[in-house]
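Here is how the chains run, residue by residue.
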Amino acid sequence: MFSLNHSSCPIQALGVGMLVVLLSLFTVAEASAQESSASADDEEVWWNLEDPRLDLGAGWYDAEEASKNMNLLATLPRPDVFVDADNPGDLNFANSDIAFRDNYAIVGNFYGFMIYDIANPRQPSLEVAVVCPGGQGDVSVYGDLVFMSVEQARGRVDCDVIGTSGQVDEERFRGVRIFDISDLTTPRQIAAVQTCRGSHTHTILDSPNDDENLYVYVSGTSFVRPGEELEGCVPEGPDEDPETSLFRIEVIQVPLDAPEEASVVSEPRIFEDPETGDIDGLWPGGEHGEDTQRSRQTNQCHDITIYPDLGLAAGACSGNGILLDISDPVNPVRIDEVVDENFAYWHSATFNNDGTTVLYTDEWGGGTSPRCRADDPVHWGANAFFSLEDGQLSHRGYYKLPVPQKATENCVAHNGSLIPVPGRDIKVQAWYQGGVSVFDFTDPANAFEIAFFDRGPMSDDELQVAGYWSNYWYNGYIYGTEIARGFDVHELTTSEYLSENELEAAKLVTYDEFNAMHQPRNEWPASFVVSRAYLDQLERNEGLSADRIESLRSELSDIEAMDDASAQHAALTEMASAIAGDAAGSGDPDRVNLLAESVEKLAAAKQ
């Protein structure tokens, strides 16, 4: 419907060491810090008073740091071209989201994107920096294609740093850019698909029923541009014009043989009331009652996370969390929706691996405000967990960063991903200047933290926007984009919450590509370490007796040491049967059965 494609638009690709001075054309007003009105003396203390994250010293590159059960392996500052030295918190140069392909991390920025070589995670290096302003800069990767969201009005079709002006400008670009990175040293923009509200985020979808096309779900959250600039755009609300560009998403179709021909093919009204047909059929905006959050009206989605193996997507859509059937990628259908009186703005979503739990985040304060202070409600600006059964969502619990942050630190729930430990639901998550938190939500009613890393604020005197935008697990390491400081690599360490076997089992799951809003199903190969990980979990939660666990560990070691595969097969088959018999009388029958299945898988691999 609406597409504007420009082949091979010129882009400033900057190699390492090149010095380029560029003009910042647009200033984003920083949110002022709201001073806490209460102290720990007159508020309930819900945190550990000995937590090392409390009162960390401030600084840009020299802030104090605190960590538990994880190590910072490497940190690289943003390239000079992506820094305003006079205003470190300038969002025009903010690092945003990350996508991964092979040994590369593609880091979005409001001013363009960067590609890092992460073949050695302890020594990442900048491969190329691409200057292409337009705001947001969230990225996804599919083969040799990189997709980038553009939302600000300054963006130009040709990526030039001289921004647009006026209410209508034929050179303005707001939507999704597509780059060819077949030559990593020289990315080329091959398409630029315009949308009415721009693209705050996007999600790529490869349909199992269509191997000729890729689809991109576009979530626009900004103002609607006038129809004089882009035909078909309608800024008015549904009461004034039923063709409004609000209350919808866009679906872009990308022909894989000709991605330069990408275009919008549908604009699904996923918020429609099925009984009345009203397109504004979900949360109207406002408070839910006394002492509740004031939630945004549901006329947009912020993030849409798809789980292709389930044929489902979870949309975090301003005033609602929704569930979509995406079996027809061009026409997604809403099958359930939820509200939460503690949520201000539904921001992102994550499925657990078996699809029985959906985690939604609340970006209370928009990410630029301090929302983790001592007197902030512990369920506001948090994660909410919902069980998913037969297409229906039911609330189960909450998790918020378990330590207060200062009034000069923007902090609220933000982006993260699963850590593939078998038998457990574990997520690593960014909290802006609250740092990174790793938590277990296997029991979504009782989530708990198992590791963290944090820095002090940029300043003790004023709020300067910074902190982690995203933290993702990729092939054994945690990578993070820090808005104002750069690109970090972390490694989890063993602890009372995470055994060496569990960590090694997680590292068995590897990806060729990873996009956080395109969730893969994690599967573990036949491995003795996977079975040992389940035994460690049964020991931790006393699911089997100590004597039985020790006996099974010894038996596994003896079988692993055998030289004859047929003997191993026979012994493992017998062992799996015996373990299955333990389940009924155990304290954790589900996990015992997982252990039995892992041993059966080992036996099958020895045939």
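See the structure above.
Only a predicted model underlies this, so the values are computations on that prediction, with no experimental measurement involved.

Chemist: Would you mind going over unusual backbone geometry with me for this structure?
Modeler: Generally, phi is negative for residues other than glycine and the peptide bonds are trans, each holding for most cases. Phi at Asn 69 is positive, roughly 65°, even though this residue is not glycine. Note that Asn 69 resides in the loop between β2 (65–68) and β3 (70–76). Notably, Ser 318 is not glycine yet its phi reads approximately 55°, a positive angle. By secondary structure assignment, the location of Ser 318 is in the loop between β19 (312–317) and β20 (320–325). With relative accessibility at 0%, the residue Ser 318 sits in the buried group.

Chemist: Looking at this structure, how should I read the environment of Trp 380?
Modeler: Note on placement: Trp 380 falls in the loop between β23 (357–362) and β24 (383–389). C-alpha of Trp 380 to C-alpha of Asp 362: the two residues are 18 residues apart in sequence and 7.3 Å apart in space. Apart from residues no more than four positions distant in its own chain, Trp 380 is found in contact with Asp 291, Thr 292, Gln 293, Asn 342, Asp 362, Trp 364, Arg 371 and Lys 400. At a separation of 3.0 Å, a polar atom in the side chain of Trp 380 contacts the side chain of Asn 342.

Chemist: What is the right way to read the environment of Leu 538 from this model?
Modeler: Within the secondary structure, Leu 538 is located in helix α2 (residues 528–540). The spacing of Leu 538 and Gln 136 is 402 residues in sequence and 44 Å in space, taken between C-alpha atoms. Setting aside its immediate chain neighbours within four residues, Leu 538 contacts Gly 543, Leu 544, Ile 549, Asp 588, Arg 591, Val 592 and Leu 595.

Chemist: It is not clear to me how helix α4 (residues 565–582) should be interpreted in this structure. Could you clarify?
Modeler: An α-helix turns once per 3.6 residues; consequently, residues spaced three or four apart project the same way. Between its first and last C-alpha, α4 extends 26 Å over 18 residues, near the 26 Å set by a 1.5 Å rise per residue. Restricting attention to buried positions, one finds in α4 the residues Gln 568, Ala 571, Leu 572, Met 575, Ala 576 and Ile 579. Along the axis of α4, the buried positions cluster into a sector of 140°, meaning they face one direction only. The exposed residues of α4 that point more than 90 degrees off its buried face are Glu 574, Ser 577 and Gly 581. Packing partners of the buried residues in α4 comprise α2, α3 (546–560) and α5 (589–605).

Chemist: Help me understand the nonpolar core, please; the structure alone is not making it clear to me.
Modeler: If you look at the biggest cluster of nonpolar residues, it comprises 52 residues, and the most contacted ones within it are Phe 100 and Tyr 479. The element best represented in this core is α2, accounting for seven residues. Excluding its chain neighbours within four sequence positions, the residues that come into contact with Phe 100 are Ala 105, Ile 118, Val 141, Tyr 472, Tyr 474, Tyr 479, Asp 512, Glu 513 and Phe 514. Core analysis: the second largest hydrophobic core is formed by 24 residues, Tyr 217, Phe 271, Leu 324 and Ile 326 among them.

Chemist: What is the right way to look at the packing of aromatic side chains in this model?
Modeler: Under the counting rule described, the total for this entry stands at 29 aromatic pairs. One aromatic cluster is present, built from ring pairs that chain together Phe 100, Tyr 116, Tyr 472, Tyr 474, Tyr 479, Phe 487, Tyr 511 and Phe 514. Above the face of the Phe 452 ring, Arg 53 is positioned so that its terminal group lies 3.6 Å from the ring centre. Sitting over the ring of Phe 223, Arg 174 keeps its end group 4.0 Å from the ring centre.

Definitions and cut-offs
Residues numbered from 1 in each chain as written. Predicted model: local features only at pLDDT ≥ 70, side-chain atom pairs only at ≥ 80, totals over all residues. Heavy atoms only, no water. Helix = DSSP H or I, 4+ residues; strand = E, 2+ residues; numbered from the N terminus. Buried < 20%, exposed > 50% of the residue type's maximum accessible area, 1.4 Å probe, protein only. Contact = heavy atoms within 4.5 Å. Polar contact = N/O pair within 3.5 Å; in protein donor to acceptor, adjacent residues only side chain to side chain. Expected span 1.5 Å × (residues − 1). Arc of directions from axis to C-beta. Core = buried A, V, L, I, M, F, W, Y, C linked by side-chain atoms within 4.5 Å. Phe/Tyr/Trp six-rings, centres within 6.5 Å; stacked < 30°, edge-to-face > 60°. Lys NZ or Arg CZ within 6 Å of the ring centre and 35° of its normal.

On their own, these measurements won't tell you what the molecule is for.
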